[in-house]
Amino acid sequence: MNSRNTAEGNRPMLVDLAIGLGLIVTALVIALFDLQHSGEQWLEDGPRYCNNAAMMRDWMVAGSWSDPIGFAKQNYAQYPAHSVPFHPPGYAFLLGAWFLAIGMSYASARIFVALCLGVSACCFYGILRQQRLTPWMAGAASLLFASSPEVSRWSRTVMSEIPGMLFILAGTFCFVRAVNTNRGRWFWLAFVMAEFAFFCRVTTAGVLPAWMLYLLITKGFRRTVSIHVVLPALIFLLISGSWVKFASAYASYEVGQVFGNGLMAYAAAGNLTIWFYELPGMVGGVALLAAVLGGLLAIRNPRSRCSASLWIAWILCCYGFQVAQLMHFESRYFIFAVPAVCALVGGLLLQLNRSPRWRLVAGIVIASAVVRNAVAVYHAPRGLQGFEAVAAQLAIQDDPGNVLVSCWSDSDLVFRYRCHTQQHSRQLIRGDRVLAVRLPYYAQVAPKVLAENAEDVLDTIRRGRIRYVVTSPPSYPSGSKHDRRHADMVLLHTAALTENTQFSLIQRFPVTLDFGSHRVEEAFLWRYEGELPAGPSELPVWIPTAKLNAKQVGADEKVGQERAG
């Protein structure tokens, strides 16, 4: 009798474990589908996250624990493509440790993010189970979450959204458990997870007010202001606020002046309504309608009202956070609202669990939404491809000398090159820092021209001890005669073509950019045939957004800042 009771008692746990394993496998399929024929989806930051992790890996190997900032500057001088500390170091550290243990490559980074998606889905499932959803309801909602268009899209990149999602959902699991068990240690663990989430993705902080509202609704004011809630929350604010202040010194153009925008900017129709237009594409129309219906039914039902309050507050807080930040130009900023939408769909399943007929309706709703999501994954754009071959060819070049890079998505090439090469003495030099100082488009700062003709280019090559050059040929949008390359890219490629006694072409490579529309570019790898002076590069390594020269330290840094400014 006892063994039978034990088996029956273990059955729910075994069901949960089986569903969790299924969610992880599904997440791996979603995130790694056609991996060998796909590349990075977000060129502005994706390769930089890989370079962040590569820098962290090198830091761990070097053991420079006492001077991380100094090491980051030295590493940037050699591989000028990482973005720490502007991008928080949490995700970079975890991925760097993964590289150290498993091996460093783009595929390795994608596998890490895929595993993060799987664990995120398991955490989400655990939250819903704590809110009294049955295994099949929680599993269906978790499957909907993992396959939703916005989540699946970023799971197929090396961006920080999915690692941040993992920790904020793990923190929410702990917080809900703390509310259910009334044990203080779970509150502390929840805020530890929230801090990890913040150091992966700053925008996860928008979820935390929803925790407090949920606690206030379910347990009242006295529990909300208890020491086990207030103290870890204050520590979180202190650490996160200190980091923002520190990192803003390295992000002169990225960190907006929030209070300088004026009240009218916040009240603008576009800022207030953009997410109403973005959300259907992020979660799917069927799922969004089901979530709205689930939320309305849950509010009417006293038994499910408290559980639904977490997710309704979650969406409202994410919305308020984005409105306050004026970040409405990229849908990924609202990705952390997606779990709440899927949870409300799970709530609808609970409301419809009254008869076989309504359960059939619920199953059809979930199935149609998941099939739609699966089709979207199958037709997902393939991203950036082609620089793996360029990096491999460049890595086997034996002649001493540095590399000048002036091509599309140079940071992707930098990462793939450092995965191939063991020549850690070779320096990669960016054309948008030595031929011109060119900032990202959002800085709205005109480029500062440093080289105007082929003679200037050759002088830069000699001073930089540059032996190899990577360029991009002319690129014309469909139906246009306007070359989309930047002036410094045009200048270097033209100089390599016209100064044919100084440059020899090693190989040209196709580079594919597939982001909904298919576009094929090329990358040219050249060898400079002239003589180079002995010694290291004389070129500065400007970081305009931080207003410093990465090659200068100590007293020289102030001079570098003044010159960069």
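Everything discussed here concerns the structure shown above.
Criteria and cut-off values
- Residues numbered from 1 in each chain as written.
- Predicted model: local features only at pLDDT ≥ 70, side-chain atom pairs only at ≥ 80, totals over all residues.
- Heavy atoms only, no water.
- Helix = DSSP H or I, 4+ residues; strand = E, 2+ residues; numbered from the N terminus.
- Rg over C-alpha atoms; globule rule 2.2 N^0.38 Å.
- Contact = heavy atoms within 4.5 Å.
- Areas by Shrake-Rupley, 256 points an atom, 1.4 Å probe, with all protein chains shown as cover.
- Lys, Arg positive; Asp, Glu negative; His and termini not counted.
- Charge placed at Lys NZ, Arg CZ, Asp CG, Glu CD.
- 1 Å grid on protein atoms, 1.4 Å probe; cavity = no way out; pocket = protein on both sides within 12 Å on 5 of 7 lines; lining within 4 Å.
- Points joined across faces, edges and corners; volume = space filled by probe spheres on them.
- Nonpolar A, V, L, I, M, F, W, Y, C, P; charged D, E, K, R; others polar.
- Core = buried A, V, L, I, M, F, W, Y, C linked by side-chain atoms within 4.5 Å.
- Buried < 20%, exposed > 50% of the residue type's maximum accessible area, 1.4 Å probe, protein only.
- Pairing = 2+ DSSP bridges.
- Phe/Tyr/Trp six-rings, centres within 6.5 Å; stacked < 30°, edge-to-face > 60°.
- Axes fitted to C-alpha atoms, helices over the stretch in contact; angles between N-to-C directions.
- Left-handed = near helix turned anticlockwise from the far one by under 90°.
- Salt bridge = Lys/Arg side-chain N within 4 Å of Asp/Glu carboxyl O.
- Expected span 1.5 Å × (residues − 1).
- Disulfide = S-S within 2.5 Å.
- Polar contact = N/O pair within 3.5 Å; in protein donor to acceptor, adjacent residues only side chain to side chain.

Participant: Please explain the overall build of the chain as it appears in this structure.
Facilitator: Across its full length, the chain holds 24 helices and 10 strands. Scaling as 2.2 N^0.38, a compact globule of 565 residues should have a C-alpha radius of gyration of about 24 Å, and the chain matches this with 26 Å. Its C-alpha atoms give the chain principal-axis dimensions of roughly 85 × 55 × 45 Å. A fraction of 76% describes how many contacts in the chain between residues 6 or more apart in sequence connect residues 24 or more apart. When the accessible surface of the chain is split by element, carbon and sulfur atoms take 62% of a total near 25,400 Å². Averaging the positions of the 48 positive and the 36 negative side-chain charges in the chain gives two centres separated by 16 Å.

Participant: How should empty space enclosed by the protein be read in this particular structure?
Facilitator: Picture a little ball the size of a water molecule; that probe, rolled over the atoms, points out where space is still empty. Following the criterion strictly, the structure yields 2 cavities of 30 Å³ or more and no others. Every element with two or more residues in the lining of the largest cavity is listed here: α3 (68-78), β3 (428-430) and α21 (431-434). At 3 residues, the largest contribution of residues to the lining of the largest cavity is made by β3. Among the residues forming the lining of the largest cavity, the class breakdown is 10 nonpolar, 1 polar and 2 charged. In this model, the second largest cavity occupies a volume close to 40 Å³. What lines the second largest cavity is T203, G206, C318, F321, Q322, Y333, F334, F336 and A337. Tallied by class, residues from the lining of the second largest cavity come to 6 nonpolar, 3 polar and no charged.

Participant: Looking at this structure, I do not really get the nonpolar core. What am I missing?
Facilitator: Side chains that are nonpolar tend, in soluble globular proteins, to be buried together. Grouped together as the largest cluster of nonpolar side chains are 109 residues, with contacts concentrated most on W211, W311 and W314. Beyond its immediate chain neighbours, meaning those up to four positions away, W211 contacts I168, G171, T172, F175, A190, F191, A194 and W314. Formed by 22 residues, the second largest nonpolar core is a distinct cluster that contains V390, V403, L428 and V511.

Participant: What's the story with the pairing of strand β6 (residues 466-471) in this structure? I'm lost.
Facilitator: Residues in a regular strand project their side chains so that they alternate between the two faces of the sheet. Burial analysis of β6 places 6 of its 6 residues in the buried class, the great majority of the element. Here 4 bridges tie β6 to strand β8 (residues 518-528), and the two strands are oriented antiparallel to one another. Following the sheet pairing, V470 is matched in β8 by L525.

Participant: I keep staring at the pairing of β8 and nothing clicks. Help me out?
Facilitator: Pairing of strand β7 (residues 503-514) with β8 involves 11 bridges; the strand directions are antiparallel. By the bridge assignment for β8, L513 is matched with R519. Joining the antiparallel neighbours β7 and β8 is a turn of 3 residues, in which G516 adopts a positive phi near 105°.

Participant: Got a minute to help me understand the packing of aromatic side chains in this structure?
Facilitator: What characterises a pair of aromatic rings is the spacing of the ring centres plus the angle enclosed by the ring planes. With the rule as written, the count across this model stands at 24 aromatic pairs. Aromatic side chains F198 and F236 sit 6.1 Å apart centroid to centroid with 80° between the ring planes, which places their arrangement in the edge-to-face category. Of the two residues, F198 sits in helix α9 (residues 184-200) while F236 sits in helix α12 (residues 227-248), which places them 38 residues apart along the sequence. Accessibility expressed as a relative area gives 4% for F198, which makes it buried. By relative accessible area, which is 6% here, F236 ends up buried. Taking the centre distance of 4.7 Å and the plane angle of 25° together, the rings of W275 and F334 count as stacked.

Participant: Any chance you could explain the layout of surface pockets here in plain terms?
Facilitator: Estimates place the volume of the second largest pocket at around 500 Å³. The wall of the second largest pocket is formed by 28 residues, among which Q131, R303, S304, S307 and L350 lie closest to the centre. Within the residue set of the lining of the second largest pocket, elements represented by two or more residues are α5 (106-130), α8 (161-181), α10 (208-219), α15 (285-300), α16 (302-325) and α17 (338-351).

Participant: Looking at this model, I keep getting lost on the packing of helix α2 (residues 46-62) against helix α4 (residues 89-102). Mind explaining?
Facilitator: Axis angle and axis distance: for two packed helices, these are the angle between their axes and the distance between the axes, and together they describe the pair. Packing of α2 against α4 brings their axes to within 7 Å, and their N-to-C directions diverge by 65°. Read as a crossing pair, α2 and α4 show a hand that is right-handed. Counting all contacts with α2, which are made through Y49, C50, N52, A53, A54, M56, R57, W59, M60 and V61, the residues of α4 involved are P89, Y91, A92, F93, L95, G96, A97, F99 and L100. Residues belonging to the contact of α2 with α4 are distributed by class as follows: 16 nonpolar, 2 polar and 1 charged.

Participant: When you look at the sheet that holds strand β2 (residues 402-406) in this model, what are you seeing that I'm missing?
Facilitator: Backbone-to-backbone hydrogen bonds join strands into a sheet, with any given pair of strands oriented parallel or antiparallel. On the basis of which strands lie adjacent, the open sheet formed by 6 strands has the order β1-β7-β8-β6-β2-β3 and mixed pairing. Sheet topology places β1 (383-385) and β3 at the edges, where each strand pairs with a single neighbour. Neighbour to neighbour, the strand axes of the sheet diverge by 20° on average, direction disregarded.

Participant: I'm lost on the pattern of salt bridges in this one. Help?
Facilitator: When the charged atoms of two side chains lie near each other, side chains of opposite charge can form a pair. In the structure shown here, the tally under the stated rule is 21 salt bridges. Here R484 ties to E521 by a salt bridge, and the two come within 3.9 Å at their closest N and O atoms. With R484 in the loop between β6 and α23 (487-498) and E521 in strand β8, the pair connects residues that are 37 residues apart, well separated along the chain. A residue is classified by how much of its surface remains accessible, and R484, at 28% relative accessible area, is partly exposed. Classification of E521 by relative accessible area gives buried; the value is 5%.

Participant: How should I be thinking about α8 in this particular structure?
Facilitator: Given 3.6 residues to a turn, an α-helix orients residues that are three or four positions apart in the same direction. Between its terminal C-alpha atoms α8 stretches 30 Å, which fits the 30 Å expected from 21 residues at 1.5 Å a residue. Of all 21 residues that make up α8, 17 are buried, and the element is covered over most of its length. Of the residues one or two after α8, N182 is the one with positive phi, at around 65°.

Participant: I'm lost on the state of the cysteines in this one. Help?
Facilitator: Between two cysteines, a covalent bond joining their sulfur atoms is known as a disulfide. Counting across every chain of the model gives 0 disulfides. Here C318 is not disulfide-linked; the sulfur of C317 is the nearest cysteine sulfur, at 7.2 Å. Of the residues examined, C318 reaches a relative accessible area of 5% and is grouped as buried. With no disulfide partner, C419 has as its closest neighbouring cysteine sulfur the one in C50, 7.5 Å distant. Overall, C419 belongs to the partly exposed group, its relative accessible area being 24%.

Participant: What is the right way to read the side chain of N373 from this model?
Facilitator: Mapped onto the secondary structure, N373 falls in helix α18 (residues 356-378). A distance of 3.1 Å separates polar atoms of two side chains, one belonging to N373 and the other to S147. Residues in contact with N373, not counting those within four places in the same chain, are L144, S147, S148 and P149.

These figures come from the coordinates and say nothing about function on their own.
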